Amino acid sequence: MNIQENISLLPFNTFGIDKNARFFAIAKTTEEVNQLLLKAKEMDLPLFILGGGSNILLTRNIEALVLKIEIKGFDLVGESDKDVLVKVGAGENWHDFVMHCIQNNYAGVENLSLIPGTVGASPMQNIGAYGVEIKEVFDHLEAIDRNTLKLRTFSSEECEFGYRESVFKHELKDRFVITHVVFRLSKTSHINAEYGAIRQTLAEKGIQSPTIKDISDAVIEIRRSKLPDPAIIGNAGSFFKNPTVSVLSFEKIKSEFPNVPGFPNEDGIKIPAAWLIEQAGWKGKRFGNIGVHQFQPLVLINYGGGDGIEIKDLSKKIQDSVQEKFHIILHPEVNFL
Ligand SMILES: Cc1cc2nc3c(=O)[nH]c(=O)nc-3n(C[C@H](O)[C@H](O)[C@H](O)COP(=O)(O)OP(=O)(O)OC[C@H]3O[C@@H](n4cnc5c(N)ncnc54)[C@H](O)[C@@H]3O)c2cc1C
């Protein structure tokens, strides 16, 4: 257990922003998390918990102990005729976990293939893609209370999952370090191929009865064709959440913009933020080292050497122009630091 000083976080965030951590340490076990939390208390240091750095925007040097979670392991902790319970270390790479499930024929996470980041961060914003969210396969998680250093279990209900939301982004923000997540995966796969792009990709391949591997392959293909790879160009995926508006507001927008896409949900109508940003004229715009992706306007990018503050300012301008044009407030999905 080694605490390093003044470490560049450039290799640890997918936006590729070069800011420093005043202190930096890696925890590979629950015990090491405990020891480092204790150490941070003794040194009176604020703390930032880091996973894969794929959902953060660094706007400054971090005057804190940045604690990178690298707890590994997949353990089968329960099994019935229908399903399995798999306990996964928070530091496991999310996509490796999905691949582990596919190899073992455990269904439920195949639509979430290729999402960057760690398993420990997945409940933070209830990650989701292609019609599936982790809350559907989540059983419980284990986390250490940063104040008392006690281990606590959270059920799905206690996590208060919503669309890219959980209790850990609100009432319990910065209170817990997630060490393990336990997923309930199905042995009898019930494929979710409803999403248009998945159906189309399967049809192109002539697959009529897809396996979970077929779904995963299709999702990987779609994602590779649509989203910029952070290994090549800095980004944190979708920068904003898709807003939901009332039916009345939607009708009002539709009267002015007849092509507005809308997807009904329990709260109203969800409008793709990418469409709003494109209509506001931002698609493909470049400003020095940063910009808005040319095909996917929901993704802000760092061409290299860009600064977090510049990206934050650009995001504010996008929010303002969308609000002015559509009276809709876009909320960031990315965590600003
Ligand atoms: C190209 C690209 C595509 C993406 N596509 C999707 C997508 O389809 N769907 C989706 O939902 N997201 C997507 N994302 C966002 C991102 O992959 C997820 O939010 C992911 O879960 C972040 O994981 P991470 O380990 O990188 O978290 P980090 O960025 O390291 O951290 C994110 C937040 O979680 C906290 N945190 C991390 N680990 C822990 C822990 N163990 N305990 C307590 N707090 C913790 C951090 O403090 C921070 O507040 C995408 C990102 C990129 C770059």
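A. Structural detail: the environment of Glu194. Within the fold, Glu194 resides in the loop between strand E12 (176-186) and helix H4 (196-204). In sequence terms Glu194 and Gly131 are 63 residues apart; their C-alpha atoms lie 7.5 Å from each other.

B. Here's a closer look at the pattern of salt bridges. In this structure the tally under the stated criterion is 17 salt bridges. A salt bridge links Lys135 to Glu133; the shortest N-O distance between them is 3.8 Å. Here Lys135 falls in the partly exposed class, since its relative accessible area comes to 36%. Judged by its relative accessible area of 16%, Glu133 is buried.

C. Just the sheet that holds strand E5 (residues 62-69), in detail. One open sheet accounts for 4 strands, arranged E1-E2-E5-E3; its pairing is mixed. Each edge of the sheet is formed by a strand with only one pairing partner; in this case those strands are strand E1 (4-8) and strand E3 (47-50). Each adjacent strand pair in this sheet contributes to an overall mean axis angle of 45°, direction not counted. By the bridge criterion, 6 bridges tie strand E2 (residues 20-27) to E5 in an arrangement that is parallel. Looking at E5, one finds that Ala25 is bridged to Leu67. The sheet contacts of helix H1 (residues 30-42) involve E2, E3 and E5, and relative to E2 the element is tilted by about 145°.

D. Representation of the site of the ligand in the model. Among the 33 residues in the neighbourhood of the ligand, the closest are listed as Ile49, Gly52, Ser54, Thr118 and Arg223. One of the backbone nitrogen or oxygen atoms of Gly52 is found 2.7 Å away from an oxygen atom of the ligand. The contact in question runs from a nitrogen atom of the ligand to an N or O atom on the side chain of Arg223, over 2.8 Å. In isolation the ligand has 980 Å² of accessible area, and contact with the protein removes 94% of it. Looking at the shell around the ligand, the elements with two or more residues in it are E3, strand E8 (128-129), E12 and strand E13 (234-238). When grouped by side-chain class, the residues that make up the shell around the ligand number 17 nonpolar, 13 polar and 3 charged.

E. Structural context of the packing of aromatic side chains. Tallied over the full model, the rule gives 16 aromatic pairs. Ring geometry for Phe74 and Phe97: centres 6.3 Å apart, planes at 20°, overall stacked. One end of the pair, Phe74, is in strand E6 (residues 74-79); the other, Phe97, is in helix H2 (residues 94-103), with 23 residues separating them in the sequence. With 6.1 Å between their ring centres and 55° between their planes, Trp282 and Phe287 make a pair best called tilted. A relative accessible area of 37% means that Phe287 is categorised as partly exposed.

F. View of the sheet that holds E6. With antiparallel pairing, 5 strands are arranged side by side in an open sheet as E6-E7-E12-E10-E11. Single-partner strands in this sheet number two, and they are E6 and strand E11 (151-155). Each adjacent strand pair in this sheet contributes to an overall mean axis angle of 25°, direction not counted. Contacts from H2 reach E6, strand E7 (83-89) and E12 within the one sheet, and its direction differs from that of E12 by about 25°.

G. Highlighting the domain arrangement of the chain. The assigned domain composition of the chain is domain 1 (4-69), domain 2 (74-186) and domain 3 (234-336). For domain 1 and domain 2, the distance between their C-alpha centroids amounts to 21 Å. Facing 13 residues of domain 1, the contacting portion of domain 2 comprises 15 residues. A buried area of about 1,100 Å², summed over both sides, lies between domain 1 and domain 2, and 66% of it is on carbon and sulfur atoms.

H. View of H4. For H4, every residue scored as buried is listed here: Ala197, Ile198, Thr201 and Leu202. All buried residues of H4 fall inside an arc of 130° around its axis, so they share one side. The exposed set on the far side of H4, more than 90 degrees from its buried face, consists of Arg199, Ala203 and Glu204. At the exit of H4 stands Gly206, carrying a positive phi of roughly 70°.

I. Inspection of the pairing of strand E19 (residues 299-302) at higher detail. Residue alternation in E19 divides its side chains into two sets, Val299 and Ile301 and Leu300 and Asn302, and both sets are buried. Where E13 lies against E19, 3 bridges are found, and the strand directions are antiparallel. Following the sheet pairing, Asn235 is matched in E19 by Ile301. Here strand E18 (residues 290-292) pairs with E19 via 3 bridges, running antiparallel. Of the residues in E19, the one forming a bridge with Gly291 is Ile301.

Reading the values: the criteria
Residues numbered from 1 in each chain as written. Predicted model: local features only at pLDDT ≥ 70, side-chain atom pairs only at ≥ 80, totals over all residues. Heavy atoms only, no water. Helix = DSSP H or I, 4+ residues; strand = E, 2+ residues; numbered from the N terminus. Salt bridge = Lys/Arg side-chain N within 4 Å of Asp/Glu carboxyl O. Buried < 20%, exposed > 50% of the residue type's maximum accessible area, 1.4 Å probe, protein only. Pairing = 2+ DSSP bridges. Axes fitted to C-alpha atoms, helices over the stretch in contact; angles between N-to-C directions. Contact = heavy atoms within 4.5 Å. Near = heavy atom within 4 Å. Polar contact = N/O pair within 3.5 Å; in protein donor to acceptor, adjacent residues only side chain to side chain. Areas by Shrake-Rupley, 256 points an atom, 1.4 Å probe, with all protein chains shown as cover. Nonpolar A, V, L, I, M, F, W, Y, C, P; charged D, E, K, R; others polar. Phe/Tyr/Trp six-rings, centres within 6.5 Å; stacked < 30°, edge-to-face > 60°. Domains from an automatic or database assignment. Buried area = accessible area lost by both parts, 1.4 Å probe. Arc of directions from axis to C-beta.

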